[in-house]
Amino acid sequence: MTSALIVRVPEAQAAVRPWSARPDVPAHVTVLYPFLPAARLDPDVLTSLARLVGAHGEFDVRFAACGRFPGVLHLLPEPAAPFLALTRAVAGRRPEAPPFAGAFTLDELVAHLTVAESPDPAVLAAAEAAVTPLLPVRSRVSAVDLLVHDGERWQPHTSFPLH
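Computed from a predicted structure; not experimentally measured.

Caption draft 1: Here's a closer look at the overall build of the protein chain. Counting its secondary structure elements, the protein chain contains 4 helices and 8 strands. Beginning at the N terminus, the succession of helices and strands in the protein chain can be written as β-α-β-α-β-β-α-β-α-β-β-β. Computed over its C-alpha atoms, the radius of gyration of the protein chain comes to 15 Å, within 12% of the 15 Å expected for a compact globule of 163 residues. Of the accessible surface of the protein chain, which amounts to about 8100 Å², a share of 58% is contributed by carbon and sulfur atoms. One finds the centroid of the 13 positive side-chain charges in the protein chain at a distance of 4 Å from the centroid of its 16 negative side-chain charges.

Put into C-alpha cells, the structure is as follows:
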C-alpha cells in the first residue's frame, strides 16, 4: 500500500470525470507520488507534513490551456510555481520518496492536472475538444491531501491546510 499527496481541484471535476481512468481519484494536481508506504504514516510523519505544508500560503490558480505528454492530456496551472514549491519542499524533506519514483528530477517536473490517458491520439484529441470549451477553470488552493491506496482503491487519509 502506498500513498500520494495531491491538491484537489473540485472545480475541474466535471470536465475531467468523463475522461478519468481512476474514478476513485478526484481531479487534482499531484504534489508527490508515490509518497510513503501507508505503514510509515505515523503521527511524526503527519505532524511533519502538517508543519511543512502549513508553511506555504493559500493561492488562486487558473487552468486555461491544455498540454500533452506522450499518451496524456493535461491542464496547465497558472501559476505553476506554488505546486512545484510544495513538491520540492516535501521531496526535500523525504528523499526516500522522489517524485514519480525518481523517473524525473525536480527540475524536470511539470505541474499539471491530468485529464485523460490513452495511447490513442484520437482519444486525447476528443478529450481536448470536450474540455477546452469548459476552460478556464479557477480554484482556490487551501490544502494538500494525503491519499492512501488500500490495494484496490485510493482513500482519503488526512488533509493538511495551507496558511
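Caption draft 2: Local environment of the environment of Val45. Here Val45 shows up in helix H2 (residues 43-54). For Val45, a relative accessible area of 6% puts it in the buried group. Separated by 49 residues in the primary sequence, Val45 and Arg94 have C-alpha atoms spaced 9.9 Å apart. Once residues lying within four places of it in the same chain are set aside, the contact partners of Val45 are Phe35, Leu36, Arg40 and Arg94.

Caption draft 3: Examining empty space enclosed by the protein more closely. Here the structure, examined in full by the defined rule, presents 1 cavity of 30 Å³ or more. The space that makes up the largest cavity amounts to roughly 30 Å³. Together, Phe35, Ser48, Leu49, Leu52, Val90, Arg93 and Arg94 line the largest cavity. Here the lining of the largest cavity gets 3 residues from one element, more than from any other, and that element is H2. Classifying every residue of the lining of the largest cavity by side-chain character gives 4 nonpolar, 1 polar and 2 charged.

Caption draft 4: Representation of a nonpolar patch on the surface in the model. On the surface, a nonpolar cluster with roughly 260 Å² of combined accessible area is contributed by Tyr33, Phe100 and Phe104. Structurally, Phe104 is set in the loop between helix H3 (81-93) and strand E5 (113-117). A relative accessible area of 42% means that Phe104 is categorised as partly exposed.

Caption draft 5: Up close: the pairing of strand E1 (residues 3-8). Of all 6 residues in E1, 5 are buried, a share of seventy percent or more. Sheet topology places E1 next to strand E7 (residues 143-149); 4 bridges connect them, and they run antiparallel. Bridging across to E7, Leu5 finds its partner in Leu146. One ladder, built from 4 bridges, connects E1 with strand E2 (residues 28-32); its direction is antiparallel. Directly across from Ile6, in E2, lies its bridge partner Thr30.

Caption draft 6: Region of the structure containing unusual backbone geometry. Cis geometry marks the peptide bond from Glu78 to Pro79; its omega dihedral reads 0°. Secondary-structure assignment places Pro79 in the loop between strand E4 (72-78) and H3. With omega at 5°, the peptide bond leading from Leu135 into Pro136 counts as cis. With respect to the element layout, Pro136 can be found in the loop between helix H4 (121-131) and strand E6 (137-141). Phi angles above zero are rare outside glycine, and Phe100 is one such case at about 50°. Take Phe100: it is sitting in the loop between H3 and E5. Residue Phe100 is classed as partly exposed on the basis of its relative accessible area, which comes to 31%.

What counts and what doesn't
- Residues numbered from 1 in each chain as written.
- Predicted model: local features only at pLDDT ≥ 70, side-chain atom pairs only at ≥ 80, totals over all residues.
- Heavy atoms only, no water.
- Helix = DSSP H or I, 4+ residues; strand = E, 2+ residues; numbered from the N terminus.
- Rg over C-alpha atoms; globule rule 2.2 N^0.38 Å.
- Areas by Shrake-Rupley, 256 points an atom, 1.4 Å probe, with all protein chains shown as cover.
- Lys, Arg positive; Asp, Glu negative; His and termini not counted.
- Charge placed at Lys NZ, Arg CZ, Asp CG, Glu CD.
- Buried < 20%, exposed > 50% of the residue type's maximum accessible area, 1.4 Å probe, protein only.
- Contact = heavy atoms within 4.5 Å.
- 1 Å grid on protein atoms, 1.4 Å probe; cavity = no way out; pocket = protein on both sides within 12 Å on 5 of 7 lines; lining within 4 Å.
- Points joined across faces, edges and corners; volume = space filled by probe spheres on them.
- Nonpolar A, V, L, I, M, F, W, Y, C, P; charged D, E, K, R; others polar.
- Patch = residues over 30% accessible without salt bridge, like charges linked within 9 Å, V, L, I, M, F, W, Y side chains within 5 Å.
- Salt bridge = Lys/Arg side-chain N within 4 Å of Asp/Glu carboxyl O.
- Pairing = 2+ DSSP bridges.

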